[in-house]
Amino acid sequence: MAKPSPRRKAREIAVQAIYSWQLTGNDIGEIESNFIADNTKRRFEIDFFSKLVRGVAANVSELDDAIRPHVDRPLDEVDQVEKAILRVGIYELRDCKDVPYRVVINEAIELAKSFAADDSHKFVNGVLDKVVTAFRPNE
């Protein structure tokens, strides 16, 4: 099996950091620093990781507004892992235009397969498929 790319690892660590932030409410800068320190042995794109973590934290209400119309329950009932993956994915769709939307969605699906419940990847795919048209209408 191929080793994950430094960018994929950055996404994995970003989802873990956002998950930690969601659960603890601790300062996002402190969480970011701790995750960088704890993952020094892993080769990942630190700048991309930081962009994702800081971007999600700074824009969480707008990201959640993009999720809400596409879920059939209140956002606080969405699984915390799924919510972290969706927030990172939607932030990336919105603010990382250099990454093709198909790559963003595929990466989010892979994260859901790795970290979330069995059928979570279908839920994540469904939400991101609907959200993509708002942020990438011409792709």
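Calculation notes
- Residues numbered from 1 in each chain as written.
- Predicted model: local features only at pLDDT ≥ 70, side-chain atom pairs only at ≥ 80, totals over all residues.
- Heavy atoms only, no water.
- Helix = DSSP H or I, 4+ residues; strand = E, 2+ residues; numbered from the N terminus.
- Contact = heavy atoms within 4.5 Å.
- Expected span 1.5 Å × (residues − 1).
- Bend = angle between axes of the 7 residues up to and from the residue.
- Salt bridge = Lys/Arg side-chain N within 4 Å of Asp/Glu carboxyl O.
- Core = buried A, V, L, I, M, F, W, Y, C linked by side-chain atoms within 4.5 Å.
- Buried < 20%, exposed > 50% of the residue type's maximum accessible area, 1.4 Å probe, protein only.

1. A look at the side chain of Asn-39
In this fold, Asn-39 is placed in the loop between helix H2 (28-38) and helix H3 (46-58). Apart from residues no more than four positions distant in its own chain, Asn-39 is found in contact with Ile-13 and Phe-44.

2. Structural notes on helix H7 (residues 120-135)
Along its 16 residues, H7 runs 22 Å from first to last C-alpha, staying within 8% of the 22 Å computed at 1.5 Å per residue. Where H7 bends most, the angle comes to about 25°, and this point is Asp-129. Tucked inside the fold, the buried residues of H7 contact helix H4 (60-67), helix H5 (80-95) and helix H6 (101-115).

3. As for the pattern of salt bridges
Inspection of every chain in the model, using the stated rule, returns 15 salt bridges. A salt bridge links Lys-122 to Asp-119; its shortest N-O distance comes to 3.6 Å. One salt-bridge network, in which partners are shared between bridges, spans Arg-8, Arg-11, Glu-92 and Glu-107.

4. With respect to the nonpolar core
In terms of nonpolar packing, the biggest core is built from 47 residues, with Ile-18, Phe-49, Ile-85, Val-124 and Leu-128 touching the most fellow members. Looking at which element gives the most residues to this core, the answer is H5, with 8 residues. Among residues more than four places away in sequence, those in contact with Phe-49 are Ala-10, Ile-13, Ala-14, Ala-17, Glu-32, Phe-35, Ile-36 and Phe-44.

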